[in-house]
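# Close look at the chain arrangement
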There are 4 protein chains.
Amino acid sequence: MTATIGMAVIGAGYWGPNLIRNAMATDAIDVRWLCDLDLERARSVLGRYSTVTATDSYDAVLDDPAVHAVAIATPAASHFPLAMAALDAGKHVLVEKPLTASLDDGRKLVQAAQDRGLVLMCDHTYCYTSAVQELRRLVQGGGLGEIQFVDSVRINLGLVQPDVNVLWDLAPHDLAILDYLMPAGVSVVAVAAHGADPIGHGLACVGYLTLRLSTGAMAHVHVNWLSPIKIRTMVVGGSCRTVVWDDMNPSQRLSVYDRGVDRLDPEDLGPDDRKQMRISYRSGDMVAPALREQEALRVMMTEFASSILEGRTPATDGSAGIRVMEVLEAAERSLLTGGTFVDMEVVR
Amino acid sequence: MTATIGMAVIGAGYWGPNLIRNAMATDAIDVRWLCDLDLERARSVLGRYSTVTATDSYDAVLDDPAVHAVAIATPAASHFPLAMAALDAGKHVLVEKPLTASLDDGRKLVQAAQDRGLVLMCDHTYCYTSAVQELRRLVQGGGLGEIQFVDSVRINLGLVQPDVNVLWDLAPHDLAILDYLMPAGVSVVAVAAHGADPIGHGLACVGYLTLRLSTGAMAHVHVNWLSPIKIRTMVVGGSCRTVVWDDMNPSQRLSVYDRGVDRLDPEDLGPDDRKQMRISYRSGDMVAPALREQEALRVMMTEFASSILEGRTPATDGSAGIRVMEVLEAAERSLLTGGTFVDMEVVR
Amino acid sequence: MTATIGMAVIGAGYWGPNLIRNAMATDAIDVRWLCDLDLERARSVLGRYSTVTATDSYDAVLDDPAVHAVAIATPAASHFPLAMAALDAGKHVLVEKPLTASLDDGRKLVQAAQDRGLVLMCDHTYCYTSAVQELRRLVQGGGLGEIQFVDSVRINLGLVQPDVNVLWDLAPHDLAILDYLMPAGVSVVAVAAHGADPIGHGLACVGYLTLRLSTGAMAHVHVNWLSPIKIRTMVVGGSCRTVVWDDMNPSQRLSVYDRGVDRLDPEDLGPDDRKQMRISYRSGDMVAPALREQEALRVMMTEFASSILEGRTPATDGSAGIRVMEVLEAAERSLLTGGTFVDMEVVR
Amino acid sequence: MTATIGMAVIGAGYWGPNLIRNAMATDAIDVRWLCDLDLERARSVLGRYSTVTATDSYDAVLDDPAVHAVAIATPAASHFPLAMAALDAGKHVLVEKPLTASLDDGRKLVQAAQDRGLVLMCDHTYCYTSAVQELRRLVQGGGLGEIQFVDSVRINLGLVQPDVNVLWDLAPHDLAILDYLMPAGVSVVAVAAHGADPIGHGLACVGYLTLRLSTGAMAHVHVNWLSPIKIRTMVVGGSCRTVVWDDMNPSQRLSVYDRGVDRLDPEDLGPDDRKQMRISYRSGDMVAPALREQEALRVMMTEFASSILEGRTPATDGSAGIRVMEVLEAAERSLLTGGTFVDMEVVR
């Protein structure tokens, strides 16, 4: 079929098996290879019943003319050379977050994909959950009013990474979601970061990010590898309504509150009204919108296939990946300078 | 009875009614006056069936020789003159948080009480909940091991205060609890603060505090007046165990997790072990200790009475109030300088 | 004021203190006496600061011409003589549940109050919570459609009563709520009950009630004194919407689900449609209505005062108490006959 | 390998795909066939990348000498002929619940398997969750003391079945778990059932089961297809401790409470102690045991393979399936006779 995309998945570690399972379940995709330097691991991931071919030769994959696209889930340091080689071989590319290990490399990839007319997509999985998609509709449709604050918590007993701190490991999720939610024209203007390494690991295991948005609102992210309980909550506070997204509550992930604080227009008040009287409180109903059950990774994979077939930019393209990395880069500088706000212009 | 303390409550606003109700329920206390500049309000708080006398004359209260102690629940700006006058009249003093509006005034009060041999106590109510008392036993008894991080969240749709920001309004609770929990010798060494005022109120309505402790650990506080949901959670992470205190879950306020990340001693490892292998994970049981049902304010009031009768320092004395204010003062300076860490020495 | 009702509270045990506190807070009521056979207990409940008079003489109370109404919170066996004496003395009467110890006595009270033109009210406290009042609006306003099932759970580690089983102790709450919710014309037609006494107490400590309603729907009640956790949940399932009332979740007591199962009209289906196809599923949003914060007992006391002042029947009058007792009486018979359904006609 | 069991999965409907996925992941099993009368459905379940063979010929499966065992997930009516044919062909058999459509057929299967020395296993999946396995250790190890009551709730917006009522559809789970938990020698002695069909479906959609156990304790099961919320909770109350299993709370499925009511030995009390004084209350800690993360179906499949290889009876064998069906049969009779208790001897 001309409308079927031949695909290879690169990397059979933690995330690769999820990519290959969802690619195999996507009608428009024909999975041909699973490639890993550790051939036994690739074979083990495929199992005893699969017709997909395991290989440890990336060249063989790129030489296969039936491969139109690669999905890369290898350690971050290898993202750039693998993706650039694929683009050079004329293949569309999907890359696990983070896009690359350095901003410069990321920008080169984006440019290369653009020059060659190929799709470069970031696997910002959370953006494809039904909760985030509904949240985006609420934010961008104006239902929340003006965004006043965002607070995101992502903590659990996590795998302490040997080579990156907790901000680079976990905050990309929050930043990718924030990037996806915000209306066009809204951007991060400054970032401050605090981190702590209470276990003597050598890198921060607990981290806090504070972001100033171009609207004047503040966003805050708390990530932590050491928490015995798992919390994944994002509160998006608006002038009209506020949404609480609790990803650990499958029966009620989104709660939209018609509650808040309003500041009354001073012109509507007499000269003697006290400051306190300029505030009013709303306490209306809460609505938990019905959400479709869907596996985010399947929706993401379908978006990758569709963007290739339709020759368009995917929802979370390379540029989205770059914007996330810019914030992390600024956070890194803030950590080194004792937590001061770093202007985003410095890293752009 | 010689063992009964005659008391007057000053202030019939938001908190005063709670103080008078609990004072009346305390055997060792004989409540004689409720004093407020607004006499009608004082009368209304007492109701139609009370034998306690309402007054708008603070002088009358201080002139009453049967009054041995006053409990002050007036706006912060009046704490200093009212408390100092009471000390000058030889009365013991209980003050609602914050102790005073300025650090200097607070220090004068502490000195004055000490000079006169009178009790000066801060109403740090949360310290008298059974949850915090159990938490303190766990921290100070060593059951948690070395404290690695503290994360406190106190957010809800709150009364936006006309004259103080959200840090001064809500964070005193978190800071008083932290002060009460920490073992002797542990102190705050630096503070950074971020705040936002998304509703154009003129003062921060959303605030974040980051505290560096003398042990190297980090504590973080999130306070917010604009949240439609009420969250009051404190996680105290230790090297042995971690406690989650969820004050909104009355059936399970404290959860003690035997879960965490351990760093193995490098001497126990061979030369070829990778960095990643130096970490091990514990995943044991969780215990929710049985807690006594008690009204914190009643326990606090009993502690006030006992400390007077026994001539000793109360658990949350004026100095505890000073330590809380010092952190807030440092936070204020950090806010003004863009969120940098402010050394606590600057405010001490 | 002529519009003030002089009141005496009878009984200073578990519930009496709540009644007197709320009566004292009700403007239209003037509390004059607290009466208990144990005078010291009455004095202790009033405390050291009250102008209300403690007494152990019920005669003195009834002889006081300024007493227009009595609120009775004594053991069930004494409800009938105390209430009848009060009615004979021309006083309005509020009685804690259950109305009386026997159905016959209850009916005599209702008749006596009616003959004398006096208010006889049952303290069915839960009916005055904002949750139940909103639930009633939903049921009676038709928002739920036809009621299909009701399931109520009321379990906790309760005080094992020496003289009544768990059905008589706890189920009156559920039955009073059900009586209050149901639209006019809907009644209980049969009752089955199962009970167990696993601790050898002599009376059932675990109980289940199954009620057949006149509409064909089924209601079920589970009460249990031995449960270590406290659950108070009622699900009211309707053909249009279903409400879950979780009284242990103060931030979201009511959840109204636009979810359910619809049976399609067979006339709309072709002859070959299978049985399974006659069912469709709705999965819409959930709404948690904003509820006023109110103390139910205060609202109940105001209703008592208003019904006296306005010369009208209160919302939970003696007849409501009778209907609750009739179900309990039928349940008792079902227990004795091995759990068969007992027709309500037998006890009416 | 001689230690590998050749397997065929029969039925590619709702449950079959789960069976085949877990069989494929089990080392000791070699999956050879997926058989369904609808060949396209079988092919679709296998997908485009599988080496397993789809077939619509059960004969071909049974004729394959490399097939040692079949796993049957077809409609209940076909369980008996398919399983009996497999046993006749010398194959071990795993059957989805319920074992068969009638008790007689079930008993014939058990006898046939026994006669031929073949394994006959029921897929009582829940018994292989780590929660139920821990619960069993607690019950059978005596940690709970004497079992006093069991209360199980399994409600959600379920698929209304065209041919069985909600008791036959959902209660087998609760009954299989109960059968697995109870110590040897404890059995069900009588069953009462209530059901309602508020949507005019023709079969009960809401059901309640009450079981009298041989120890005198009572067990109760509530199943419901019409509930908008999903509740899966089982409380096992013991004289020493009580366990709450909440399957919808993955972070704390089991909570073991050291709380309860004790009846004091009358010999320890003086002659004047009132009945009420013979009760004491325990209010100790709660422990949530750490549970292994495991897919129950994988554990079940491993047990099937192990029991074949080791020539032993599996944990949930055909007799367990028979015991579950006997309770359902008694429940059916109780439904028809208005909810009276039916003695289990009648159906044995």
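In this text, all values refer to a predicted model and were calculated from it rather than measured experimentally.

Residues and elements named next belong to chain A. The strand order across the open sheet built from six strands is S3-S2-S1-S4-S5-S6, with neighbouring strands paired in parallel fashion. Each edge of the open sheet is held by one strand with a lone partner, namely strand S3 (53–55) and strand S6 (120–123). Neighbour-to-neighbour, the strand axes of this sheet turn through a mean angle of 25 degrees, independent of strand direction. Of the strand pairs in this sheet, strand S4 (residues 69–72) and strand S5 (residues 92–96) are connected by four bridges, and their pairing is parallel. Bridge assignment links Ile-72 to a residue of S5, and that residue is Val-95. Each of strand S1 (5–10), strand S2 (29–35), S4, S5 and S6 touches helix H8 (residues 296–310); the most contacted strand, S5, lies at about 155 degrees to it.

All right, on to the side chain of Asp-64 of chain C then. Residue and element names in this part refer to chain C. Structurally, Asp-64 is set in the loop between helix H3 (58–63) and strand S4 (69–72). Exposure remark for Asp-64: the relative accessible area of 9% places this residue in the buried category. Discounting residues that sit within four places of it in the chain, Asp-64 has contacts with Arg-32, Trp-33 and Lys-91.

It is worth spelling out the relation of the copies chain A and chain B at this point. Here chain A sits on chain B after a turn of 180 degrees about the axis and a move of 0.0 Å along it, with an RMSD of 0.1 Å. These values place the two chain copies in the arrangement generated by a two-fold rotation axis. In terms of proximity to the rotation axis, the leading residue of chain A is Thr-340 of chain A, whose C-alpha is 2.5 Å off the axis. Of the residues that chain A buries at the interface, 100% are likewise interface residues in chain B, meaning the two copies contact each other through the same surface.

Let's shift gears to the interface of chain A and chain B. Counting residues at the interface gives 45 residues for chain A and 45 residues for chain B. Broken down residue by residue, the surface that chain A buries against chain B is led by His-194, Met-218 and Pro-228 of chain A, which jointly contribute 14%. Across the chain A-chain B interface, the total number found is eleven residue pairs in polar contact (both at pLDDT 80 or more). Elements represented by at least two residues in the side of chain A that touches chain B include exactly strand S7 (147–157), strand S8 (188–196), strand S9 (206–213), strand S10 (218–224), strand S11 (226–238), strand S12 (242–246), strand S13 (254–263) and strand S14 (279–288) of chain A. Grouping the constituent residues of the side of chain A that touches chain B by class yields 23 nonpolar, 17 polar and five charged.

Glancing now at the pairing of S8 of chain A. Residue and element names in this part refer to chain A. Most of S8 is tucked away: seven of the nine residues are buried. Summarising the sheet, S8 and S9 pair through eight bridges and their orientation is antiparallel. Of the residues in S9, the one forming a bridge with Ala-196 is Val-206. As paired elements, S8 and strand S15 (residues 342–343) share two bridges and run antiparallel to each other. Across the sheet, the residue bridging to Ala-190 is Asp-343, located in S15.

For these two chains of identical sequence, chain D goes onto chain C by a turn of 180 degrees and a shift of 0.0 Å along the axis, with RMSD 0.0 Å. Comparing interface residues between copies, 100% of those in chain D also sit at the interface in chain C, which points to an isologous, same-surface contact.

To continue, consider the packing of aromatic side chains. By the definition in use, this model includes eight aromatic pairs over all chains. Taking 6.1 Å as the distance between ring centres and 35 degrees as the angle between the ring planes, the aromatic pair formed by Tyr-14 of chain C and Trp-15 of chain C counts as tilted. Geometry around Tyr-126 of chain A places Arg-154 of chain A over its ring, the cationic atom sitting 4.6 Å from the centre.

Further remarks concern the interface of chain D and chain C. Counting from both sides, the interface comprises 45 residues of chain D and, opposite them, 45 residues of chain C. On the chain D side of the interface with chain C, the three residues burying the most area are His-194, Met-218 and Pro-228 of chain D, jointly 14% of the side's total. Scanning the region where chain D abuts chain C turns up zero salt bridges. Scanning the region where chain D abuts chain C turns up eleven residue pairs in polar contact (both at pLDDT 80 or more). Those elements that provide at least two residues to the side of chain D that touches chain C are strand S7 (147–157), strand S8 (188–196), strand S9 (206–213), strand S10 (218–224), strand S11 (226–238), strand S12 (242–246), strand S13 (254–263) and strand S14 (279–288) of chain D. Broken down by class, the residue content of the side of chain D that touches chain C amounts to 23 nonpolar, 17 polar and five charged.

All names here are of chain A. Per the domain assignment, the segments making up chain A are domain 1 (5–118) and domain 2 (127–295 + 326–346). In this structure, domain 1 and domain 2 have C-alpha centres spaced 32 Å apart. In this assembly, five residues from domain 1 lie in contact with six residues from domain 2. Sorting the residues of domain 1 by area buried against domain 2 places Lys-97, Pro-98 and Leu-103 first, and these three jointly supply 66% of that buried surface. Summed over the shared surface of domain 1 and domain 2, the result is two salt bridges. Residue Glu-295 is joined to Arg-21 by a salt bridge in which the shortest nitrogen-to-oxygen separation is 3.2 Å. Contributing elements (two or more residues each) for the side of domain 1 that touches domain 2: helix H1 (16–24) and helix H5 (103–116). Of the residues contributing to the side of domain 1 that touches domain 2, the split by class is one nonpolar, one polar and three charged.

Quick look at the sheet that holds S4 of chain C now. Residues and elements named next belong to chain C. Taken together, six strands build an open sheet; the order of strands is S3-S2-S1-S4-S5-S6 and the sheet is parallel. The strands lining the two open edges of the sheet, one partner per strand, are strand S3 (53–55) and strand S6 (120–123). Between one strand and the next, the sheet's axes are offset by a mean angle of 25 degrees, whatever the strand orientation. Pairing between strand S2 (residues 29–35) and S3: three bridges, direction parallel. In the sheet register, Cys-35 faces S3, and the bridge partner there is Thr-55. In the packing of helix H1 (residues 16–24) onto the sheet, contacts are made with strand S1 (5–10), S2, S4, strand S5 (92–96) and S6, and the angle to S2 comes to roughly 155 degrees. Where helix H2 (residues 39–46) meets the sheet, its contacts fall on S2 and S3, and the angle it forms with S3 comes to roughly 160 degrees.

Definitions and cut-offs
Residues numbered from 1 in each chain as written. Chains lettered and ligands numbered in written order. Predicted model: local features only at pLDDT ≥ 70, side-chain atom pairs only at ≥ 80, totals over all residues. Heavy atoms only, no water. Pairing = 2+ DSSP bridges. Helix = DSSP H or I, 4+ residues; strand = E, 2+ residues; numbered from the N terminus. Axes fitted to C-alpha atoms, helices over the stretch in contact; angles between N-to-C directions. Contact = heavy atoms within 4.5 Å. Buried < 20%, exposed > 50% of the residue type's maximum accessible area, 1.4 Å probe, protein only. Least-squares fit on C-alpha atoms with pLDDT ≥ 70 in both. Buried area = accessible area lost by both parts, 1.4 Å probe. Polar contact = N/O pair within 3.5 Å; in protein donor to acceptor, adjacent residues only side chain to side chain. Nonpolar A, V, L, I, M, F, W, Y, C, P; charged D, E, K, R; others polar. Phe/Tyr/Trp six-rings, centres within 6.5 Å; stacked < 30°, edge-to-face > 60°. Lys NZ or Arg CZ within 6 Å of the ring centre and 35° of its normal. Salt bridge = Lys/Arg side-chain N within 4 Å of Asp/Glu carboxyl O. Domains from an automatic or database assignment.

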